[in-house]
Amino acid sequence: MEAKSAKVEHVLQPETFEFTKANLTQAKKIIARYPKGRQQSAVMPLLTIAQRQHDNWLPRVAMDVIAGMLGMAPMRVYEVATFYSMYNMRPMGKHHVQLCTTTPCWLRGSDNIVRACEEHLGIRMGDTSNDGLFTLTEVECLGACVNAPMCQITSSEEDHFYEDLTAESIVDILKTLAAGKQPSPGSAAGRKSSEPVTGPTTLEAQQKGWEKMKKGAA
Ligand code: FES
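Observations concerning the pairing of strand S4 (residues 159-163)
With four bridges connecting them, strand S3 (residues 151-154) and S4 associate as antiparallel partners. If you follow isoleucine 153 over to S4, its bridge partner there is histidine 160. The antiparallel hairpin formed by S3 and S4 contains four residues in its connecting segment. Strand direction decides the pairing type here: S4 and strand S5 (residues 186-187), joined by two bridges, are parallel. When the bridges of S5 are listed, glutamate 163 appears paired with serine 187. In this view, the connection linking S4 to its parallel neighbour S5 by way of helix H7 (residues 167-178) has left-handed handedness.

Encoded structure:
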């Protein structure tokens, strides 16, 4: 599959943006949470709503609409949106695959995960597959190091962590998404939360201690 390089492509900006009725209602509810004069604090949730509505990326006109709603200079909204990696300034694949390569994930094999994704999709990091289904992005620590290596996959509808990945399990996840199905988020190794791979131990030891105490008291 030939890669479409997003780094050099010209981003065609839409001329207008309007929140859907449901999203406008939600946006107004969020703005109303903040004290008078502090409405600008709603900028991040509003950007998130706009991005989800607009196929997982933020056109400039959407940021302008939000600036108008919050009484902010458009530049202030652009500054917020371009600072955080969770906002996308260009069209994305339907599924935005964000691969963590920070030290704990790297030590646990993130290089293999990156290679498996690039080989399976036939694209390089930062690119979007020609079928428009996947964009690959390298990200810094997402706070789930204890279940490294991991990635986050976002789309207009979902936002999930996939953890304890192997080259095989990430490819399975990509195939499931390509088939229009939802893979199981969380640990690919079947761990619950971040318990040890051998299963929970701390509470079991405590339980045994209580049982011993009860026997002694009987
Ligand atoms: S280093 Fe990957 S989640 Fe923290």
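Digging into the nonpolar core
Generally speaking, nonpolar side chains in soluble globular proteins are found buried as a group. Counting 24 residues, the largest nonpolar core has Val43, Leu46, Leu47, Ala50, Ile66, Leu70 and Val77 as its most contacted members. When residues of this core are traced back to their parent elements, those giving at least two are helix H1 (21-32), helix H2 (43-53), helix H3 (60-70) and helix H4 (74-83). Here this core takes six residues from H3, the largest share from any one element. Apart from residues no more than four positions distant in its own chain, leucine 70 is found in contact with Ile31, Gln39, Gln40, Ala42, Val43 and Leu46. Within the second largest apolar cluster, 21 residues are counted, among which are Val97, Ile113, Cys117 and Val171.

A closer look at the side chain of serine 187
The residue serine 187 is located in strand S5 in this model. In this structure serine 187 comes out as buried when scored by relative accessible area, which is 16%. Within polar-contact distance, the side chain of serine 187 engages the backbone nitrogen of alanine 189 at 3.0 Å. Polar side-chain contacts of serine 187 include one of 3.1 Å to the backbone nitrogen of arginine 191. If near-sequence neighbours (up to four positions away) are discounted, serine 187 is found in contact with Glu163 and Asp164.

Topic: the domain arrangement of the protein chain
Partitioning the protein chain into domains gives domain 1 (1-91) and domain 2 (95-187). Relative to domain 2, the C-alpha centre of domain 1 lies at a distance of 24 Å.

Focus: the pairing of S3
The alternating pattern of S3 places Cys151 and Ile153 on one face and Gln152 and Thr154 on the opposite face, and all of these are buried. Two strands pair when backbone bridges link them, and strand S1 (residues 95-100) and S3 are joined in this way by four bridges, in the antiparallel orientation. Bridge pairing links histidine 96 to threonine 154 in S3.

Focus on the sheet that holds S4
In spatial order, the strands read S2-S1-S3-S4-S5; together these five strands make up an open sheet with mixed pairing. Edge positions in the sheet fall to strand S2 (134-139) and S5, since each of these pairs with one other strand and no more.

Each value, and the rule that gives it
- Residues numbered from 1 in each chain as written.
- Predicted model: local features only at pLDDT ≥ 70, side-chain atom pairs only at ≥ 80, totals over all residues.
- Heavy atoms only, no water.
- Pairing = 2+ DSSP bridges.
- Helix = DSSP H or I, 4+ residues; strand = E, 2+ residues; numbered from the N terminus.
- Right-handed = clockwise from strand over helix to strand, strands pointing away.
- Core = buried A, V, L, I, M, F, W, Y, C linked by side-chain atoms within 4.5 Å.
- Buried < 20%, exposed > 50% of the residue type's maximum accessible area, 1.4 Å probe, protein only.
- Contact = heavy atoms within 4.5 Å.
- Polar contact = N/O pair within 3.5 Å; in protein donor to acceptor, adjacent residues only side chain to side chain.
- Domains from an automatic or database assignment.

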